[in-house]
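A closer look at the structure
One-letter residues, chain by chain:
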Amino acid sequence: MNTLKTVQQTFSASFREKGSKFIGYLVPTSSKEHFEHQLDDIKSKYPDATHHCYAWRINPNKIEEFSQDDGEPSGTAGKPILNKLKSYEVVNCGCIVVRYYGGTNLGTSGLIQAYGRSAELCLDKANLSTLIPTQNVEITYPYNQQKEIDQLKNRFDLKELDAEYLEKVTLEMACRSNQTDRFLEALEKLEHSGVTAEPLGNGYVTINNS
């Protein structure tokens, strides 16, 4: 599986092509609804623009994607933006490109290049973080099994998401998806000692790249 990346803040870049001005925004987003809010914000910032074209990709575990030409010829705006997002392997983000028409038609290939370039300028400017797909697991165990659980933490690449210390310890752990089967097998071997495990579904963790 290829390593997916994302952004955690907005990045912007602009340029002119034959009189037309292109202003690109690369924005973090976790859902279609979240993206729509950001799109509305940019539309209100540039209400007199000729076009507001965009593409987004969300859900690292089962990627959904969408593109919109917003009045440009079909396939000349949203798709080249989306293709750049795909080539940089980014997800949970979208790219909006605002165009002010400059009086000279760019033609099909010119539009594809311009919208793709706008997205690429934003992506090149961005600080990309790595997204790791995970399987989240709830583990419950008696206190006398802490040593065994600590050993599993060292053996597998785990991130603790939540913890509760009552009569027993309950941890919610994120395990890399490609390690989950072996992790659950290791937990099964501790069942006789009162350790129980319940898969909670897919998730992901973000690692900031310095």
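Our structure is the block above this text.
So, here is what we can say about the structure in this document. (Residues numbered from 1 in each chain as written. Predicted model: local features only at pLDDT ≥ 70, side-chain atom pairs only at ≥ 80, totals over all residues. Heavy atoms only, no water.)

Moving on, we come to the overall build of the chain. Secondary structure assignment for the chain yields five helices and ten strands. Rg of the C-alpha trace for the chain: 22 Å, well past the compact-globule value of 17 Å for 210 residues, more than 25% over. The C-alpha extent of the chain, read off along each of the three principal axes, is 75 × 30 × 30 Å. Going through the 210 residues of the chain one by one, you find that 45% of them count as buried. Long-range contacts, defined here as pairs at least 24 residues apart, represent 71% of the contacts in the chain between residues at least 6 apart. Looking at the chain as shown, the accessible area adds up to about 11100 Å², and 43% of this sits on carbon and sulfur atoms. Positive and negative side-chain charges in the chain, numbering 23 and 28 respectively, have mean positions lying 9 Å apart. (Helix = DSSP H or I, 4+ residues; strand = E, 2+ residues; numbered from the N terminus. Rg over C-alpha atoms; globule rule 2.2 N^0.38 Å. Buried < 20%, exposed > 50% of the residue type's maximum accessible area, 1.4 Å probe, protein only. Contact = heavy atoms within 4.5 Å. Areas by Shrake-Rupley, 256 points an atom, 1.4 Å probe, with all protein chains shown as cover. Lys, Arg positive; Asp, Glu negative; His and termini not counted. Charge placed at Lys NZ, Arg CZ, Asp CG, Glu CD.)

Two elements in contact, helix α2 (residues 78-87) and helix α3 (residues 107-125), have axes whose closest approach is 8 Å; the angle formed by their N-to-C orientations is 35°. Pair α2 / α3 crosses with right-handed handedness. Contacts between α2 and α3 involve P80, I81, K84 and L85 from the former and I112, Y115, G116, A119, E120 and L123 from the latter. Among the residues making up the contact of α2 with α3, the classes are represented as seven nonpolar, one polar and two charged. (Axes fitted to C-alpha atoms, helices over the stretch in contact; angles between N-to-C directions. Left-handed = near helix turned anticlockwise from the far one by under 90°. Nonpolar A, V, L, I, M, F, W, Y, C, P; charged D, E, K, R; others polar.)

Pairing within the open sheet is antiparallel, and its five strands lie in the order β2-β3-β6-β4-β5. Unpaired on one side and paired on the other, β2 (11-17) and β5 (64-68) mark the two borders of the sheet. Each strand axis lies, on average, 10° off the axis of its neighbour in the sheet, ignoring direction. When strand β3 (residues 20-28) meets strand β6 (residues 93-100), the two strands line up antiparallel, connected through eight bridges. (Pairing = 2+ DSSP bridges.)

Examined against the element boundaries, T76 turns out to sit in the loop between β5 and α2. At 2.6 Å, the side chain of T76 forms a polar contact with the backbone oxygen of P73. Beyond its immediate sequence surroundings of up to four residues, T76 is in contact with D69, T108, L111, I112 and Y115. (Polar contact = N/O pair within 3.5 Å; in protein donor to acceptor, adjacent residues only side chain to side chain.)

A word on the pattern of salt bridges. What the rule picks out here adds up to seven salt bridges. Residue E72 pairs with R99 through a salt bridge whose shortest N-O separation is 2.9 Å. Of this pair, E72 sits in the loop between β5 and α2 while R99 sits in strand β6, and the two are 27 residues apart along the sequence. For the pair E72 and R99, a shared accessibility class is recorded, and that class is buried. If you follow the salt bridges from partner to partner, you end up with R57, E65 and K86 in one network. (Salt bridge = Lys/Arg side-chain N within 4 Å of Asp/Glu carboxyl O.)

With that settled, the discussion passes to the nonpolar core. One finds L26, I81 and Y115 to be the most contacted residues of the largest nonpolar core, which totals 26 residues. Secondary structure elements with two or more residues in this core: β2, β3, β4 (51-58), α2, β6 and α3. If one sorts the elements of this core by residue count, α3 sits on top with six residues. Residues within four places of Y115 in sequence aside, it is in contact with F22, H51, C53, E72, T76, A77, P80, I81, V97 and R99. Counting 16 residues, the second largest nonpolar core, distinct from the first, contains I139, Y141, L158 and C175. (Core = buried A, V, L, I, M, F, W, Y, C linked by side-chain atoms within 4.5 Å.)

Turning next to the state of the cysteines. Under the criterion given, the structure shown has zero disulfides. C95 forms no disulfide, and the closest cysteine sulfur to it belongs to C122, at a distance of 4.8 Å. The class of C122 is buried, set by a relative accessible area of 0%. (Disulfide = S-S within 2.5 Å.)

Before going further, it helps to spend a moment on the packing of helix α4 (residues 146-155) against helix α5 (residues 180-188). Running from N to C, α4 and α5 point in directions that differ by 165°, and their axes come no closer than 11 Å. When the axes of α4 and α5 are compared, the pair comes out roughly antiparallel. Judged by the twist between their axes, the crossing of α4 over α5 is right-handed. Along its contact with α4, which presents I149, L152 and R155, the element α5 presents F183, A186 and L187. A class-by-class count of the residues in the contact of α4 with α5 yields five nonpolar, no polar and one charged. (Parallel < 35°, antiparallel > 145°, perpendicular 65-115°, else oblique.)

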